[in-house]
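Geometric and topological summary
Okay, here's what each chain looks like letter by letter:
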Amino acid sequence: MMSNNTATDPSSGLLAKLNLIFLIIVLGAVVVGTVGFMGGLLVENIERLSNDNIYVLVSKWDIPAFIGLPCFVVIIWGLLLRLLNKATDARIQWCVNFCIAPAIAAVVVRVFYGFVVDGYMASHGYTYCWEYTSPSAMSPSVWVKEPEFCISNSGSVRREVLSWMDSRPNWGKDVSVEEVEAKVAMLLKEWKREQDRY
């Protein structure tokens, strides 16, 4: 009769280590992605706002993500301890205890941060534009300097419109509503032509 005891099976130990390595890589990618992508986007959009750009992307997740970031770092540290067989009950409990505060703080800040950001953008003369905002839950919302810049039925070409706005000199300060309307009309015409091909 074969034993089901996997404690002495070397492959189970190797599999556990591979799982730990995989988790460390995934969580490391989350940390690097948060710092690199969200941090870069935050800096870029602070610059847009300070230069009175024609539009600004506003993420309601960037600051809460940075607040919760230490939790991911500590989890990685705990996984490394397990991988190196240096994990003790006290060390793992410390990791869990340390994660509680940043996790709760990130959730609380996210709730209030959304209201604060909306008020801040409105106080700086920006108007929320749902036409240019992606429907994805984690996507940043788009705020335009003048409500007239938010052209109706332009959602299917939102990326192209924003790229065009980015290409304008002087942060798009000299762009007129008529120029934006004409560009959107042209982009929509091209988009419809592409759709008709299929």
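Cut-off values and rules
- Residues numbered from 1 in each chain as written.
- Predicted model: local features only at pLDDT ≥ 70, side-chain atom pairs only at ≥ 80, totals over all residues.
- Heavy atoms only, no water.
- Pairing = 2+ DSSP bridges.
- Helix = DSSP H or I, 4+ residues; strand = E, 2+ residues; numbered from the N terminus.
- Axes fitted to C-alpha atoms, helices over the stretch in contact; angles between N-to-C directions.
- Parallel < 35°, antiparallel > 145°, perpendicular 65-115°, else oblique.
- Left-handed = near helix turned anticlockwise from the far one by under 90°.
- Phe/Tyr/Trp six-rings, centres within 6.5 Å; stacked < 30°, edge-to-face > 60°.
- Disulfide = S-S within 2.5 Å.
- Buried < 20%, exposed > 50% of the residue type's maximum accessible area, 1.4 Å probe, protein only.
- Contact = heavy atoms within 4.5 Å.
- Core = buried A, V, L, I, M, F, W, Y, C linked by side-chain atoms within 4.5 Å.
- Expected span 1.5 Å × (residues − 1).
- Arc of directions from axis to C-beta.

Across the sheet, 3 strands lie side by side as E1-E3-E2; this open sheet has antiparallel pairing. Of all strands in the sheet, those with a lone pairing partner are strand E1 (55-58) and strand E2 (127-128), marking the two edges. The pairing of E2 with strand E3 (residues 141-144) spans 2 bridges and is antiparallel. Looking across to E3, one finds that Tyr128 is bridged to Trp143.

Interaxial distance between helix H2 (residues 62-83) and helix H3 (residues 89-123) falls to 8 Å at its minimum, and their mutual angle equals 165 degrees. Classified by the interaxial angle, the pair formed by H2 and H3 is roughly antiparallel. Here the hand of the crossing between H2 and H3 comes out left-handed.

This model, assessed by the stated rule, comprises 3 aromatic pairs. With 5.7 Å between their ring centres and 80 degrees between their planes, Trp77 and Trp94 make a pair best called edge-to-face. Note that Trp77 is positioned in helix H2 and Trp94 in helix H3, a separation of 17 residues in sequence. Here Tyr128 and Trp143 contribute two aromatic rings whose centre-to-centre distance is 5.8 Å and whose plane-to-plane angle is 70 degrees, an arrangement assigned as edge-to-face. In this pair, Tyr128 is assigned in strand E2 and Trp143 in strand E3, connecting sequence segments 15 residues apart.

This part takes up the state of the cysteines. Applying the stated criterion across every chain, the model contains 1 disulfide. Paired by a disulfide, Cys129 and Cys150 hold their sulfur atoms 2.0 Å apart. With the S-S bond torsion at 80 degrees, the cross-link from Cys129 to Cys150 turns out right-handed. You can see Cys129 sitting in the loop between E2 and E3 and its partner Cys150 sitting in the loop between E3 and helix H4 (158-167), a full 21 residues away along the chain. Note on accessibility: Cys129 and Cys150 belong to one class, buried. You can see Cys95 has no disulfide; the closest cysteine sulfur is in Cys99, sitting 6.7 Å from it. What makes Cys95 buried here is its relative accessible area of 7%.

Now for the side chain of Thr133. For Thr133, the location among the structural elements is in the loop between E2 and E3. For Thr133, a relative accessible area of 9% gives the class buried. Apart from residues no more than four positions distant in its own chain, Thr133 is found in contact with Tyr128, Pro140, Ser141, Val142 and Arg158.

This part covers the nonpolar core. Counting residues in each nonpolar core, the largest one holds 21 residues, and the members touching the most others are Tyr55, Tyr132, Met165 and Val180. For this core, the elements supplying multiple residues, two or more each, are E1, E3, H4 and helix H5 (177-197).

The next thing to look at is H5. Over its 21 residues, H5 extends 31 Å from the first C-alpha to the last, a length consistent with the 30 Å expected when each residue adds 1.5 Å. Turning to H5, its buried residues are Val180, Val184, Leu187 and Leu188. For H5, the buried positions fall inside an angular range of 105 degrees around the axis, keeping them on one side. Set apart from the buried face of H5 by more than 90 degrees, the exposed residues are Glu178, Lys189, Asp196 and Arg197. Buried residues in H5 make contact with H4.

A separate point is the packing of H4 against H5. Angle between the axes and distance between the axes: these two values describe a pair of packed helices. The contact between H4 and H5 brings their axes to 10 Å, and the two run at 140 degrees. Of the possible angle classes, the one that applies to H4 and H5 is oblique. The way H4 lies across H5 gives a crossing that is right-handed. Here Glu160, Val161, Trp164 and Met165 of H4 come into contact with H5, specifically with Glu179, Val180, Lys183, Val184 and Leu187.

The subject of this paragraph is unusual backbone geometry. The phi torsion at Asp52 lies on the positive side, around 60 degrees, for a residue other than glycine. Within the secondary structure, Asp52 sits in the loop between helix H1 (10-50) and E1. At Asn153, a residue that is not glycine, the phi angle is positive and equals roughly 60 degrees. Within the secondary structure, Asn153 is located in the loop between E3 and H4. Of the residues examined, Asn153 reaches a relative accessible area of 62% and is grouped as exposed.

The values reported here are purely geometric and, on their own, carry no functional implication.
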